[in-house]
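Coordinate inspection notes
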Amino acid sequence: MIIVPSLLAANHGRLTQEAQRAQRAGADWLHLDIMDGHFVPNLTFGPGVAAAVRARTRLFLDVHLMCAKPETLLEPFARAGADLITIHIELGDRVTPLLWKIKALGKKVGLAVNPPTNIALIEPHLERVDLVLVMTVNPGFGGQSFIAETLPKIQQVAAWRSAKGLHYHLEVDGGINHTTAVECARVGADTFVSGTSLFGQRNLKSAINRMRKAVTNECPQPFLVCLQ
Ligand code: DX5
Ligand code: ZN
């Protein structure tokens, strides 16, 4: 199980210190939400911030590009020290070359899908990804409520993983707290992004521990047990 605080909910006046706070609190990875004001109606930060964070933490950097033109951003984020770069299936025909380019840059490859998008669109790409991100809110803003209708999509992505003998991470993002994380784990999610319910808490360490415990107690072997 991988717990991934999202920097979106951190104090933007001190992002590098917030990243260090996540490392000290026992986060497994750090999630960087990159929004361009076009693909989603919000703006966040760019490769400069990623590089500053990279220089001050050892955390695995999980970069989520919610951007209409990721073509121009892959190299800058790779140079900045991203470990994994996720693009969206909603980019259509451009997805395959983008996935190859991320791989060619030596980074792990992620593919995200929004709640209204047909989950079947990701199936042809599964063999070339390291992570599938099933969005559990419509992307753009933190603090939204979990959309329970996404649970069957998570279950489908987990079922493909078993049936095809693949090993990608199954990540969920949006409205994830210690309760909704358990619901997602029951249907096969293993990687939990959370902003408000982690960075939004004064005691990040206890919030991470609480989420980890809730998932482990309910679902000790998410891959095997909870799909039944
Ligand atoms: C939403 C972002 C999320 C966001 C989640 O567009 O992709 O990563 O940080 O925030 P919470 O956990 O507050 O829903
Ligand atoms: Zn995200």
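No experiment lies behind these values; they were computed from the predicted model shown. (Residues numbered from 1 in each chain as written. Chains lettered and ligands numbered in written order. Predicted model: local features only at pLDDT ≥ 70, side-chain atom pairs only at ≥ 80, totals over all residues. Heavy atoms only, no water.)

Within the sequence span of helix α1 (residues 15-24), burial applies to Leu15, Thr16, Glu18, Ala19, Arg21 and Ala22. Of the surrounding elements, those touching the buried residues of α1 are β1 (2-5), β2 (29-35), α2 (47-56) and α7 (204-218). In the segment just after α1, glycine 26 is the residue with positive phi, at about 95 degrees. (Buried < 20%, exposed > 50% of the residue type's maximum accessible area, 1.4 Å probe, protein only. Helix = DSSP H or I, 4+ residues; strand = E, 2+ residues; numbered from the N terminus. Contact = heavy atoms within 4.5 Å.)

Turning next to the site of ligand 1. Residues in close proximity to ligand 1 total 20 residues, the closest being Asp33, Gly140, Asp173, Gly195 and Thr196. In this structure, an oxygen atom belonging to ligand 1 sits 2.4 Å away from a side-chain N or O atom of threonine 196. Bound to the protein, ligand 1 loses 99% of the 390 Å² it would expose on its own. Of all the elements in the fold, those that place two or more residues in the shell around ligand 1 are β2, β3 (60-66) and β8 (191-194). Residue contributions to the shell around ligand 1 peak at three residues, all from β2. In the shell around ligand 1, the residues fall into seven nonpolar, eleven polar and two charged. (Near = heavy atom within 4 Å. Polar contact = N/O pair within 3.5 Å; in protein donor to acceptor, adjacent residues only side chain to side chain. Areas by Shrake-Rupley, 256 points an atom, 1.4 Å probe, with all protein chains shown as cover. Nonpolar A, V, L, I, M, F, W, Y, C, P; charged D, E, K, R; others polar.)

Here we take up the coordination of the zinc ion (ligand 2). Looking at the zinc ion (ligand 2), the protein donor atoms are His31 (NE2), Asp33 (OD), His64 (ND1) and Asp173 (OD), and they sit 2.0 to 2.3 Å from it. Given six donor atoms and angles of 68 to 165 degrees at the metal, the environment of the zinc ion (ligand 2) is assigned as octahedral. For the zinc ion (ligand 2), the single-chain donor residues occur in sequence as H-x1-D-x30-H-x108-D. You can see aspartate 33 sitting in strand β2 and its partner histidine 64 sitting in strand β3, a full 31 residues away along the chain. When sorted by exposure, aspartate 33 lands in the same class as histidine 64, which is buried. (Donors = N, O, S within 2.8 Å, 3.2 Å for Na, K, Ca; no water. Tetrahedral: all angles 85-135°; square planar, octahedral: opposite > 155°, others 65-115°.)

Spatial strand order, β1-β8-β7-β6-β5-β4-β3-β2: eight strands in an open sheet with parallel pairing. Because the sheet does not close on itself, it has two edges, and the strands there are β1 and β2. Along the sheet, successive strands turn relative to each other by an average axial angle of 20 degrees, direction set aside. Of the pairings in the sheet, the one linking strand β4 (residues 84-88) to strand β5 (residues 108-113) comprises five bridges and is parallel in character. The residue of β5 that forms the bridge with isoleucine 85 is valine 109. In the packing of α7 onto the sheet, contacts are made with β1 and β8, and the angle to β1 comes to roughly 145 degrees. (Pairing = 2+ DSSP bridges. Axes fitted to C-alpha atoms, helices over the stretch in contact; angles between N-to-C directions.)

Turning next to the pairing of strand β6 (residues 131-135). Taken across its five residues, β6 has five buried, putting it largely inside the fold. The pairing of β5 with β6 spans four bridges and is parallel. Following the sheet pairing, glycine 110 is matched in β6 by leucine 131. Summarising the sheet, β6 and strand β7 (residues 169-173) pair through five bridges and their orientation is parallel. When the sheet's bridge partners are listed, leucine 131 is paired in β7 with histidine 169.

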